[in-house]
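Here is what each chain is made of, one letter per residue.
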Amino acid sequence: MKALYFEHFGDNSVLQFGVLDNPEVKANEILVKTKYIGLNFADIYRRRGNYHIEEHDPYINGYEGFGTVVKLGKSSSGLALGDKVLFVDVPFANAELVTVPTDKVIKLPTKLNEETAAAIGLQGLTADFLAHDLAKNKKNDNVFIQGISGGVGQILLQMLVADGVKVYGATSSEKKQKLALEQGATAVYLRTDNGTGKLNNKFETVFDGVGKTLEQSIKLTKHKGKVIFFGMAGGDPAKVDMVKLLAHSKSIMTGDLWDYLTSQDERQTRFNRLAAYFVDGKIKINKPRVFPLAEGKKAYDLLESGQSNGKILMQCD
Ligand SMILES: NC(=O)c1ccc[n+]([C@@H]2O[C@H](COP(=O)([O-])OP(=O)(O)OC[C@H]3O[C@@H](n4cnc5c(N)ncnc54)[C@H](OP(=O)(O)O)[C@@H]3O)[C@@H](O)[C@H]2O)c1
């Protein structure tokens, strides 16, 4: 099979494209021929060598993909050859063929087109658990999103607006600022202009997947409010002074999507809930940028540059 792989951790120059052995299909697995492979920030952390990655020689990155079932394991049930499926937490996804345990399969809901399904899986399920398991905001709550026009940011913003929440945010360019306003944000600040100082202690919830902005996020949070820290796309956060937090009754919550995807039913129910926002027209995202898997390095370069404003997919021919 064709695959994007690497032998050593490092920058994008370690990525190689070539032919590797096909994976073996165990009894409780299916084999998926990928059509779209989702790229995520965690793939950058893994390639750098500072995040958990499954052992494999050579390393194959990626946990998210969409494709067609081409082989069934002996004890797999409920699936047929030719079914369209996606997955968001299965290793070795930067490849033409991926073995997927049956409990990690998500079936494509009717009415959702393939490219959208492929583009919203991991980022959309992340937005969903951040909003509905962690934040649990009420109508008219004020919330703030750091990196509001990233992949997770765009979906989270529109999901919260659809849920009746008032959303503010910060981003890095005027183009992304305009996009977030069009997607329903109440106000969007450029990270460089320090305009958020007047908003300190205003927000019930501040969502922070940028990381180095954590200190600012704590300031923006109101007393008895919470920061939801979920990633460090912009660099690791500074150490937090818990005593200062205590004095203002501010909290920090964290979470990893994979701890919320604990069964096949959990995965499908959550994905159907997410898909409904798109099918009902409540969330619209930019068309994903699609790169051939053979040019996967370019896809990684774009994600790491911080210039992308939506999903990046890789495609097998
Ligand atoms: N906890 C979980 O389960 C979970 C699951 C999925 C993703 N995540 C995390 O969620 C965050 C967003 O992921 P994503 O897939 O939405 O990525 P993304 O599309 O690349 O968005 C990341 C955003 O962070 C901002 N950013 C600020 N400084 C940056 C820098 N130096 N380099 C790159 N980006 C920078 C950019 O937004 P602006 O230009 O608008 O500032 C960028 O659009 C990441 O930290 C990721 O690890 C967490």
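Everything below is about the structure printed above this text.
Residues numbered from 1 in each chain as written. Predicted model: local features only at pLDDT ≥ 70, side-chain atom pairs only at ≥ 80, totals over all residues. Heavy atoms only, no water.

### Quick word on the site of the ligand
Around the ligand sit 29 residues in total, of which Thr171, Ser172, Lys176, Arg191 and Leu257 are the nearest. In this structure, an oxygen atom belonging to the ligand sits 2.4 Å away from a side-chain N or O atom of Thr171. Within the side chain of Ser172, an N or O atom sits 2.4 Å from an oxygen atom of the ligand. Protein contacts shield 90% of the accessible area of the ligand, which totals 890 Å² for the unbound molecule. (Near = heavy atom within 4 Å. Polar contact = N/O pair within 3.5 Å; in protein donor to acceptor, adjacent residues only side chain to side chain. Areas by Shrake-Rupley, 256 points an atom, 1.4 Å probe, with all protein chains shown as cover.)

### A few points about empty space enclosed by the protein
Within the structure shown, the criterion is met by one cavity of 30 Å³ or more. Within this model, the largest cavity holds a volume of roughly 30 Å³. Lining the largest cavity we find Ala119, Gln123, Gly151, Gln154, Ile155, Ile285, Gly310 and Lys311. Counting residues per element, the ones that place at least two in the lining of the largest cavity are α2 (114–135) and α3 (151–162). Broken down by class, the residue content of the lining of the largest cavity amounts to three nonpolar, four polar and one charged. (1 Å grid on protein atoms, 1.4 Å probe; cavity = no way out; pocket = protein on both sides within 12 Å on 5 of 7 lines; lining within 4 Å. Points joined across faces, edges and corners; volume = space filled by probe spheres on them. Helix = DSSP H or I, 4+ residues; strand = E, 2+ residues; numbered from the N terminus. Nonpolar A, V, L, I, M, F, W, Y, C, P; charged D, E, K, R; others polar.)

### What to know about α2
Between its terminal C-alpha atoms α2 stretches 29 Å, which fits the 32 Å expected from 22 residues at 1.5 Å a residue. Maximum bend of α2: about 55 degrees, positioned at Gly121. With 19 of its 22 residues buried, α2 lies for the most part within the structure. Its side-chain oxygen 3.1 Å from the backbone nitrogen of Glu115, Asn113 forms the N-cap of α2. (Expected span 1.5 Å × (residues − 1). Bend = angle between axes of the 7 residues up to and from the residue. Buried < 20%, exposed > 50% of the residue type's maximum accessible area, 1.4 Å probe, protein only.)

### Here we look at the environment of Ser13
Secondary-structure assignment places Ser13 in the loop between β1 (2–5) and β2 (16–19). Note on Ser13: relative accessible area 56%, which makes it exposed. The sequence separation of Ser13 and Thr213 amounts to 200 residues, and the corresponding C-alpha distance is 28 Å. In this structure the side chain of Ser13 is engaged in a polar contact, spanning 2.5 Å, whose partner is the side chain of Asp11.

### Observations concerning unusual backbone geometry
Excluding glycine, most residues fall at negative phi; most peptide bonds, likewise, are trans. The peptide bond linking Asp57 to Pro58 adopts the cis configuration, its omega dihedral lying at 0 degrees. In this structure, Pro58 sits in the loop between α1 (41–48) and β4 (64–72). Phi at Lys136 takes a positive value of approximately 50 degrees, unusual for a residue other than glycine. Its location among the elements puts Lys136 in the loop between α2 and β8 (142–146). Backbone geometry places Ser249, a non-glycine residue, at a positive phi of 50 degrees.

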